[in-house]
Amino acid sequence: MDVEVIINGELPSCSRCERTVALLARLTTPDGSIDLHLCWTCDTGPTAGGRLLAAMTLPNDIRPADLFKEFALDWVSTGLDAQGWQYVRRDDPRH
């Protein structure tokens, strides 16, 4: 599965609240594509999206890269689960 992350330029409106999203992740599958919207309004709080938004606001010099990556993967996994997909990490020994 290919992932395109868009954080600059023309971002779409959130599919839930219609405000401009903070980040768009477009995942390409054999059946088409899946768009995941990270929204400053809808995803703020104690969720995978909220953790990713909080990490995005940290200055680059103090933002731990591994932690940011983990938050991003958690957010993608949660978004895919909500749409009926299962995210399997490449480093998962079961797959």
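Structure shown above.
What comes next concerns the included structure. Note that the structure is predicted; figures quoted are calculated from it, not measured. The residue numbering used here restarts from 1 in each chain and proceeds along that chain's sequence as written. Where local features are concerned, this predicted model is filtered to residues with pLDDT of at least 70; where side-chain atom pairs are given and counted, the filter is 80 or more; whole-chain, interface and lining totals use all residues. Water and hydrogen atoms were dropped before computing side-chain values, which therefore reflect all heavy atoms in the structure.

1. Looking at a nonpolar patch on the surface
By definition, no residue in a patch forms a salt bridge, and every one has over 30% relative accessible area; like charges are joined within 9 Å, nonpolar side chains (Val, Leu, Ile, Met, Phe, Trp, Tyr) within 5 Å. Exposure was quantified through the Shrake-Rupley algorithm and a 1.4 Å probe, taking into account, for residues, occlusion by the shown protein chains and nothing else. A side-chain nitrogen of Lys or Arg and a carboxyl oxygen of Asp or Glu constitute a salt bridge if their distance falls within 4 Å. A cluster of nonpolar side chains, V3, V5 and I7, forms an exposed patch at the surface whose accessible area comes to about 270 Å². Inspection of the secondary structure assignment puts V3 in strand β1 (residues 2–6). A run of H or I in DSSP counts as a helix once it spans at least four residues, and a run of E counts as a strand once it spans at least two, with each numbered from the N terminus.

2. Digging into helix α1 (residues 48–56)
Burial classification: accessible surface area is computed with a 1.4 Å probe over protein chains only, and a residue below 20% of its type maximum counts as buried, one above 50% as exposed, and the rest as partly exposed. Within α1, burial applies to A48, G49, G50, L52, L53 and A55. Note on definitions: a residue-residue contact is assigned when non-hydrogen atoms from the two residues lie within 4.5 Å. Lining the buried residues of α1 we find β3 (32–38) and α2 (65–82).

3. Re the pattern of salt bridges
In total, this model carries two salt bridges according to the counting rule given. In this structure, the salt-bridge partner of D43 is R16, at a minimum N-O distance of 2.9 Å. Of the two residues, D43 is situated in the loop between β3 and α1 and R16 in the loop between β1 and β2 (23–29); the sequence distance between them amounts to 27 residues. The closest approach of N and O atoms between D35 and R26, which form a salt bridge, is 2.7 Å. Owing to a relative accessible area of 28%, R26 belongs among the partly exposed residues under this scheme.

4. Concerning the sheet that holds β3
Sheets are built from strands that pair by backbone hydrogen bonding, the pairs being arranged parallel or antiparallel. The rule for pairing is simple: two strands pair if DSSP sees at least two bridges between them. The sheet built from three strands is open, its strands ordered β1-β2-β3 with antiparallel pairing. Either end of the sheet is taken by a strand with one partner, and the two such strands are β1 and β3. Taking the axes of each pair of neighbouring strands and ignoring which way they run, one obtains an average angle of 20 degrees across the sheet. For β1 and β2, the ladder comprises five bridges, and the chain directions are antiparallel. Looking across to β2, one finds that E4 is bridged to R26. Fitted lines through C-alpha atoms serve as axes, helices being fitted only where they are in contact, and the angles separating the N-to-C directions of these axes extend from 0 to 180 degrees. α2 rests against β2 and β3 of the sheet, and its axis sits at about 120 degrees to β3.

5. Some details on the nonpolar core
Nonpolar cores are built from buried Ala, Val, Leu, Ile, Met, Phe, Trp, Tyr and Cys residues. Side-chain atoms within 4.5 Å join them into one set. Counting residues in hydrophobic clusters, the biggest one holds 15 residues, and the most contacted among them are A25, L27, L36, L38, W75 and V76. Breaking this core down by element, the ones donating at least two residues are β2, β3, α1 and α2. When residues no more than four places from it in sequence are discounted, the contact partners of L38 are V21, A22, L23, D43, G49, L52, L53, M56 and W75. Within the second largest apolar cluster, six residues are counted, among which are I6, L11, C14 and V21.

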